[in-house]
Amino acid sequence: MLQVDNLHVIFGHGLDLNHAVKNVSFTVGQGESFGLVGESGSGKSTVLNCIAGLINTWQGEIEIDGERLSHRRPKSFYRKVQMVFQDPYGSLHPRHTVDRTLKESVNIHHLGDANLRVVKVLGEVGLGPQFRFRYPHQLSGGQRQRVAIARALILEPEILLLDEPTSALDVSIQAEILNLLQDISKKRNLTSILVSHDLAVVSHMCDNILVMSQGATVEALSCDQLRSGDIKQRYTRQLLVASKGYDRAAIDQFQDY
Amino acid sequence: MSSTRRWQHWLLSDSPASPFQAAAGRTYLGLAEFLKNRLAVFGLLIIAALILIAFFAPYIAPCDPLVTNLVNRLQPLSAAHYFGTDEVGRDIFSRIVWGSRLTLYVIGLVAIIAAPVGIIIGTVSGYFGGLIDTILMRITDIFLAFPKLILALAFVAALGPGIENAVIAIAITSWPPYARIARGETITIRNGDFIKAIRLQGAGPIRIITGHIMPLCISSLIVRITLDMAGIILTAAGLGFLGLGAQPPSPEWGAMTSTGRAYIIDHWWLITMPGTAIFVVSLAFNLLGDGLREVLDPKSDN
Amino acid sequence: MNDSGHLLDVKDLTVSFPSPRGEVCAVKNVSFSLGHEKIGIVGESGSGKSVTGRAILRLLPPYAHIHATAITFQEKDLLSFSEQEMRRIRGRQISMVMQDPKYSLNPVRTVGEQIREAYTIHRKVPRRQARQQTLEMLTAVRIRNPEQVYRLYPHEVSGGMGQRIMIAMMLIPEPSLLIADEPTSALDVTVQLQVLAILDDLVTQRGMGLIFISHDLELVASFCDRIIIMYGGRIMEVVDAANLHQSTHPYTRGLLNCLPRIDGDKGKLSTLQRDASWLDADFSATAGGK
């Protein structure tokens, strides 16, 4: 479904040169849920932004359904690939109601039946009609993220890119959003890429995982390998230990990567 | 009482049933916030009064502002002439009342010309960045490099004196700060997730700039323009004072102070009355602008 | 708990903020006491955990209404203190570390100068000695090249380093109590744990009290001695960290159960069912001692 080959991203030049992504390759199958894990600066979100077309300075190959993507994306691309952002407070226009935010997508692509589609997609993400004309400031973080998911779904994409969709939310809300994403993926047979720093979230959501550090691939794991601890790289193992909570003795063994 | 309650309930509803109700509720909260600022309300009242006076000038002014009466020249304040008469016997009160039309005309036209130019140049420049930004901002810099009044003077000198040309000159010199503000706002907004999100919906730059960026720039521009109104009035008055704005005998406040200057020692009211009018209206715009800033400026938004 | 008694006693703390729709109560009837130990305050956003921390130091905006029967710190009644007296308490005896160090440091002065100043404000010592103290403190928070870091500006340091510097700055006046409000939430997991380890060692070595405010229940459970769990401005329960997983309070259970686990099945996560009656239960009576 989606294939990334030898992806490089370089920002800036001269002294400010930042090789943000170094030679990253992976394949995501139809209906698969793929996870990109890493700490800050690992380049995981940059990879996602390249696929979405938000970054133009990449080299390498990105293919969807066997079709190579160029730096400029046609309008039809956005009906196939959609994205949910990390910060639910920043990803909705503060002066637009939920209704306007959702309708805008329908209007851009001249899909028609805007009202019907809005009500339907709101229902799908678990928001009743009473939310339709609210402004973002009248919504909680979890509700905002539901609206963001609705906005991604209203164009009926095949691929959903999720950039830390729950890291800004409380754990109880995180559970609700993760459940929602799982349900929708199953129902719509979506292919998804989830970027997260949280191993537990990724292992809960994904089938295959790519661990990244400082722009480079550390290792590719299946979810089962992660669970059974079948890990080859020290870096991944350290990440796993760290995600299990505070352990004074283990911390002294940590290395900087 | 209960019907007021019901309205308030409808306006503050957490689940509006229509876009209109949502917008109305938002406006209501903004208005409530604004009304808390006494000084701003005071400013607004003065400006409302100015507009009413301008509108009903023929009914308010006791005399024709242009008719001279040399017998009655330089009369002090009296019941017949509230603000006295000037050097050719015109009623100063009537002239100030009619002059309010000119003042409104000037600031209205300047705002209508300068604000759109500023916001379009600023948002386009900020959104696209790169070469477009460089070119547009250097042009803006050129305009900013001259003192406003001097540049206006130069334009008026080239275009010829007159109130229309004064308006054009002031508008030409007022847009650069608006472009700067709009550009600054755009640059912070541009990198927001919600702009990325709309780009990912497939929206083009025109839709993004007009539908998503401009509405967020407008509030800070309104604040700035309101605060600038005082300056525009003063510039217009300054041009009038120098004889390059409204031409005699039109009752422009700046021109009136200019002629009053010659009589300042013995006949103080000639210059004091239009001067006070300029002062009061400028102050009112400043107070209003400060109040609006508290309501509209996103930076003070919690 | 340490026999030297209570460091801090908070009784019936209530904080409310005015809003267009009437007074909003952010914290209600919160009581707890703290010895020379690590206590965690855990809750979701809006639970009042941060407000509680700030209310102790009176770091809330002036329109906030703070009421309490007593806030006693080392037998001193903080409620009776004037703003000026509070200023002497802040930093010198109670310090606070916030979430984002970059906003708390002055961007145009080197980190070394700022830490040194934090030291000399409370103590009249020669410059050279203050500098020496600063370098020692930087070493204590495990910065390997203190001489070099001393000369850096805040924008030149990474997030983890910035938070260590912040901690150094807060600890150099040797406070008896440190309030850390989500001090590591913005950091990567491994860095987060390293910073916590530093705090842990300092508490152990100096006998300091620590109030650790966080949203991460599992992390707090593995790090603190006792946990105060807050919801809707109220204390739900106070548990020993070791007994957290035996807790029967529905809110605590809900929080624990909704976390995804690496070794869990991929089934639906259980979600938290909120219960309005939690807000009625008066827990303050039992929260104080143990």
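Analysis parameters
- Residues numbered from 1 in each chain as written.
- Chains lettered and ligands numbered in written order.
- Predicted model: local features only at pLDDT ≥ 70, side-chain atom pairs only at ≥ 80, totals over all residues.
- Heavy atoms only, no water.
- Pairing = 2+ DSSP bridges.
- Helix = DSSP H or I, 4+ residues; strand = E, 2+ residues; numbered from the N terminus.
- Axes fitted to C-alpha atoms, helices over the stretch in contact; angles between N-to-C directions.
- Contact = heavy atoms within 4.5 Å.
- Salt bridge = Lys/Arg side-chain N within 4 Å of Asp/Glu carboxyl O.
- Buried < 20%, exposed > 50% of the residue type's maximum accessible area, 1.4 Å probe, protein only.
- Phe/Tyr/Trp six-rings, centres within 6.5 Å; stacked < 30°, edge-to-face > 60°.
- Lys NZ or Arg CZ within 6 Å of the ring centre and 35° of its normal.
- pLDDT = per-residue confidence, 0-100.
- Buried area = accessible area lost by both parts, 1.4 Å probe.
- Polar contact = N/O pair within 3.5 Å; in protein donor to acceptor, adjacent residues only side chain to side chain.
- Nonpolar A, V, L, I, M, F, W, Y, C, P; charged D, E, K, R; others polar.
- Core = buried A, V, L, I, M, F, W, Y, C linked by side-chain atoms within 4.5 Å.

Undergrad: Break down the sheet that holds strand 10 (residues 226–231) of chain C for me, citing the residues and quoting the values.
TA: All names here are of chain C. Spatial ordering of the open sheet is given by 7-8-9-3-10-11, a layout of 6 strands whose pairing is mixed. The strands lining the two open edges of the sheet, one partner per strand, are strand 7 (94–97) and strand 11 (234–240). Strand-to-strand, the axes of this sheet are offset by a mean angle of 15°, without reference to chain direction. The strands touched by helix 10 (residues 250–257) are strand 10 and strand 11; relative to strand 10, the strand with the most contacts, the crossing angle is about 95°.

Undergrad: Lay out the pattern of salt bridges with the relevant residues and their values.
TA: Throughout the structure, instances matching the rule amount to 35 salt bridges over all chains. R248 of chain A serves as the salt-bridge partner of D252 of chain A, at 3.2 Å between the closest nitrogen and oxygen. For R248 of chain A, a relative accessible area of 22% gives the class partly exposed. Its salt-bridge partner being R183 of chain B, residue D133 of chain B comes within 2.7 Å of it at the nearest N-O pair. Here R183 of chain B lies in helix 8 (residues 163–190) and D133 of chain B lies in helix 6 (residues 130–144), a separation of 50 residues in the sequence. Its relative accessible area of 12% is what places D133 of chain B among the buried residues.

Undergrad: Please set out the packing of aromatic side chains residue by residue, giving values where relevant.
TA: All chains considered together, the criterion is met by 17 aromatic pairs over all chains. Summarising the aromatic geometry, the rings of Y246 of chain A and F223 of chain C are spaced 4.7 Å apart at their centres and angled 85° between planes, so their arrangement reads as edge-to-face. Of this pair, Y246 of chain A sits in the loop between helix 9 (234–242) and helix 10 (248–251) while F223 of chain C sits in helix 9 (residues 217–223), placing the two residues on different chains. Judged by centre distance (5.7 Å) and plane angle (80°), the rings of W7 of chain B and W10 of chain B are edge-to-face. Of this pair, W7 of chain B and W10 of chain B both sit in helix 1 (residues 2–11), 3 residues apart, which is roughly one turn of the helix. By relative accessible area, W10 of chain B is classed as partly exposed at 29%. It is R26 of chain B that lies over the ring of Y135 of chain A; its NZ or CZ is 4.7 Å from the centre.

Undergrad: Any details on the confidence of the model for chain C? Residues and values, ideally.
TA: Residues and elements named next belong to chain C. Put simply, chain C has an average pLDDT of 85, and 94% of its residues get 70 or more. Looking across chain C, the model is least confident in helix 11 (residues 284–287), with a mean pLDDT of 42, and most confident in strand 3 (residues 38–42), with 94. Low pLDDT (under 50) marks residues 283–290, which in the prediction has 18 contacts with non-local residues, meaning those over four places away or in another chain.

Undergrad: I'd like a description of the interface of chain B and chain A, backed by residues and values.
TA: Accessible area lost when the parts come together is the quantity often used to give the size of an interface. Taken together, the contacts link 27 residues of chain B with 31 residues of chain A. Roughly 2,600 Å² is buried in total at the junction of chain B and chain A, and carbon and sulfur atoms are behind 55% of that figure. The largest contributions to the chain B side of the interface with chain A come from R26, L200 and Q201 of chain B, which together make up 29% of the buried area. At the boundary of chain B with chain A, the tally comes to 1 salt bridge. The salt bridge partner of E104 of chain A is R207 of chain B, with a shortest N-O separation of 2.9 Å. One can count 9 residue pairs in polar contact (both at pLDDT 80 or more) joining chain B with chain A. Elements supplying a minimum of two residues to the side of chain B that touches chain A: helix 2 (19–35), helix 9 (193–200) and helix 10 (205–241) of chain B. Along the lines of polarity and charge, the residues of the side of chain B that touches chain A split into 13 nonpolar, 8 polar and 6 charged.

Undergrad: Explain the interface of chain C and chain A residue by residue, including any values.
TA: With 33 residues of chain C at the interface, the matching set in chain A holds 35 residues. Of the roughly 3,000 Å² buried where chain C meets chain A, counting both sides, 55% is carbon and sulfur surface. When the buried area of chain C at its contact with chain A is split by residue, L193, I262 and K266 of chain C rank highest and sum to 26% of it. Joining chain C to chain A, the criterion identifies 3 salt bridges. The residue K266 of chain C makes a salt bridge to D207 of chain A at a minimum N-O spacing of 3.9 Å. Joining chain C to chain A, the criterion identifies 13 residue pairs in polar contact (both at pLDDT 80 or more). Those elements that provide at least two residues to the side of chain C that touches chain A are helix 8 (189–206) and helix 9 of chain C. Examining the composition of the side of chain C that touches chain A, we find that 8 residues originate from one element, helix 8 of chain C, more than from any other.

Undergrad: Residue-level account of the nonpolar core, with values.
TA: I149 of chain A together with I165, F212 and I227 of chain C are the most contacted members of the largest nonpolar core, which totals 116 residues. With 9 residues, helix 8 of chain C is the largest single contributor of residues to this core. Among all residues touching I227 of chain C, those that are not within four sequence positions of it are G40, V42, L217, V220, A221, E237, V238, V239, A241 and L244 of chain C. I108 of chain A together with L136, I232 and A277 of chain B belong to the second largest nonpolar core, which has 66 residues in total.

Undergrad: Any chance you could break down the pairing of strand 8 (residues 191–196) of chain A for me, citing the residues and the numbers?
TA: All names here are of chain A. A large share of strand 8 lies buried, amounting to 6 of its 6 residues. By the alternation rule, side chains of strand 8 split into T191, I193 and V195 and S192, L194 and S196, which are all buried. Bridge analysis of strand 3 (residues 33–38) against strand 8 gives 5 bridges, and the strand direction is parallel. By the bridge assignment for strand 8, G35 is matched with L194. Bridge count between strand 7 (residues 159–163) and strand 8: 5 bridges; the pairing is parallel. Within strand 8, the position partnered with D163 by the bridge is V195.

Undergrad: Tell me what's going on with the environment of L178 of chain A, and back it up with residues and numbers.
TA: Relative to the elements of secondary structure, L178 of chain A occurs in helix 6 (residues 171–188). Apart from the residues within four sequence positions on either side, L178 of chain A is in contact with T166, V201 and M205 of chain A together with P260 and L269 of chain C.

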